[in-house]
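So the chains spell out like this:
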Amino acid sequence: MTSLVESFPRESPTILHRLAHWVEASPHSPCLLDGENDLELDYAEFDRLTNRVAHLFLSWGIEPGQRVSLYSDNALLSALVMFGAWKTGAAFCPVNPQLTGDLLAYTLQDLDASLLISDAALLGEVQEVLEALQLDTAVAVNVDPAVARADEPLNDAEENRVAGLARFRCSDAGDGAALPVVIDAHDVCSIIYTSGTTGRPKGVVQKHAWLHALCATQATWTHADDVIHCDLPMHHIGGAFSLFARGLWAGASVALWDRFSGGHYWDRIRRSGASIALLIDVMVDWLLDAPEDFRDRDNSLAKVHMQPLTDKHLPLANRFSIDYIVAAYGSSEVGNALLGFVDEHGQA
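The notes below deal with the structure included here. (Residues numbered from 1 in each chain as written. Predicted model: local features only at pLDDT ≥ 70, side-chain atom pairs only at ≥ 80, totals over all residues. Heavy atoms only, no water.)

1. With respect to a nonpolar patch on the surface
A cluster of nonpolar residues, Y329, V334 and L338, forms a patch on the protein surface that exposes about 320 Å² of accessible area. As for its placement among the helices and strands, L338 is situated in strand β15 (residues 335-343). Residue classification places L338 among the exposed positions, given a relative accessible area of 57%. (Patch = residues over 30% accessible without salt bridge, like charges linked within 9 Å, V, L, I, M, F, W, Y side chains within 5 Å. Areas by Shrake-Rupley, 256 points an atom, 1.4 Å probe, with all protein chains shown as cover. Salt bridge = Lys/Arg side-chain N within 4 Å of Asp/Glu carboxyl O. Helix = DSSP H or I, 4+ residues; strand = E, 2+ residues; numbered from the N terminus. Buried < 20%, exposed > 50% of the residue type's maximum accessible area, 1.4 Å probe, protein only.)

As C-alpha cells, then:
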C-alpha cells in the first residue's frame, strides 16, 4: 500500500519546497500585505526576510527538531517566525497570547520550547511563569520597527524587563542568503494547542505531511490570482495554516490583520481586493446585523469559507454578492476531513 507521504509530488513535499517554487516562478508576485503597518512583500522579499529570521535563529543556536514558540497576537511576526523556524528545521509552536497564570504555565511547561519570542508588553507574564517553572526556554523580545505594532519607544518598566534579553530584529541577520531545505514530510511542523473548551488545552503535534495535506486540499479552490483575507488568530490552524500557509502553497497573496473588525471589515476587503475569506460563528452575525449600506454588494469577495455552515449562508451571499460558500469539517488533529461548496447563485 502506498503511504500518504509517498503519494506526495516529489517536487513539493513540504511548504518550503512549495515556497521555493513560487520564488523561482513568480518572484515579484504579491505574497503578503500586512494591513496593520501597510507593508507589502512579494514572494522574493518574503523569502529573503524569512531567511534573515532563520539566520538569526541559527545564530542563537536553534537546531533542527527544536521548538520555537511565539507569545504574541502580531500576525506579521507570526508569519515571519513560522517560516523562519521551518527554515532552520525547527517546529513552529505558537501560544495563545490571551493565556495567563496557570493555563500559561501549563502550556509553557508542556511545550518546553528552546526559544520563545514575545512582544515587550507581554513579557512580564511570560518571565514570571518561566522563572517559577525554572524552564530553560530562552526568551527574545520583538524590537523590529518594521514588525512591532507599538509606535512609542519602550517605557522604563519595559526596558528593565528586556534588559539582557535577545532582541528579535531582522536587520541583525545579514542579507537574507538562501538556506538549504532541511525538513521533509516526516518532520514535525508545529505543535498547536486546542482551545481548551473541553478541558485543558492539548498540544497537537503536526508533521509537514499533515500541513501538505491541509494546504493541498484547500488549494483546490485557491489560485495564484486570489487574495486571501486573514484576520483569524495565528496561534491556531485557522489563521496560520488554513489561510496563510494555504495561500503561499497556492502562490496567492494574503492580507494579514491582527484581529477581526466588524466595523472595518469591508473597508479592509476593498483595500486588499480580497477574493477569499473565512468567517467563524459570530463573525457572520456581526456582518449581517450591521446596517445595510449601498456598497454592500460592491466588494471583491467571491468564495467564503463559513464555519460552521448555518442557514445564514444564503442571506450572507445575497446581501454581499458572494458566489460560493465553502463548508468543511476539520480539526487540529485531522486537518480537513470533509470539504463542500454551495453555489449560491447557480453559476456552476
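2. Quick look at the pattern of salt bridges
For the structure on display, the rule yields eight salt bridges. For R271, the salt bridge identified is with D38, shortest N-O distance 2.6 Å. Note that R271 is positioned in helix α9 (residues 265-272) and D38 in the loop between β1 (30-34) and β2 (39-42), a separation of 233 residues in sequence. For the salt bridge of D47 with K87, the shortest nitrogen-to-oxygen distance reads 2.7 Å. A residue pair is termed long-range when its members are at least 10 positions apart, and D47 in helix α2 (residues 43-59) and K87 in helix α3 (residues 75-88) qualify at 40 residues. For the pair shown, D47 and K87 are each scored as buried.

3. Concerning helix α8 (residues 237-250)
A rise of 1.5 Å per residue sets the reference length of α8, with its 14 residues, at 20 Å; its end C-alpha atoms lie only 17 Å apart and thus fall more than 12% short of the reference. With respect to burial, α8 is a largely interior element, 14 of its 14 residues being buried. Phi turns positive, to about 75°, at G251, one or two residues after α8. (Expected span 1.5 Å × (residues − 1).)

4. Concerning the packing of aromatic side chains
In total, this model carries twelve aromatic pairs according to the counting rule given. A ring pair is formed by F46 and F244, whose centres lie 6.0 Å apart and whose planes are at 70°; its orientation type is edge-to-face. Of this pair, F46 sits in helix α2 while F244 sits in helix α8, and the two are 198 residues apart along the sequence. According to the relative accessible area criterion, F244 is buried, its value standing at 0%. Geometrically, the ring pair formed by F57 and W60 is tilted, given 6.1 Å between the ring centres and 40° between the ring planes. Residue class for W60 comes out partly exposed when judged on its relative accessible area of 29%. Site record: aromatic cluster; members linked through ring pairs are F46, F83, W86, W210, F241 and F244. (Phe/Tyr/Trp six-rings, centres within 6.5 Å; stacked < 30°, edge-to-face > 60°.)

5. Considering the pairing of strand β3 (residues 67-71)
The element β3 is extensively covered by neighbouring structure, given that four of its five residues are classed as buried. Here β3 pairs with strand β4 (residues 91-95) via five bridges, running parallel. Looking at the pairing, R67 lines up with A91 of β4. Both β3 and strand β5 (residues 115-118) contribute to a ladder of four bridges, which runs parallel. Paired with V68 across the bridge in β5 is L115. (Pairing = 2+ DSSP bridges.)

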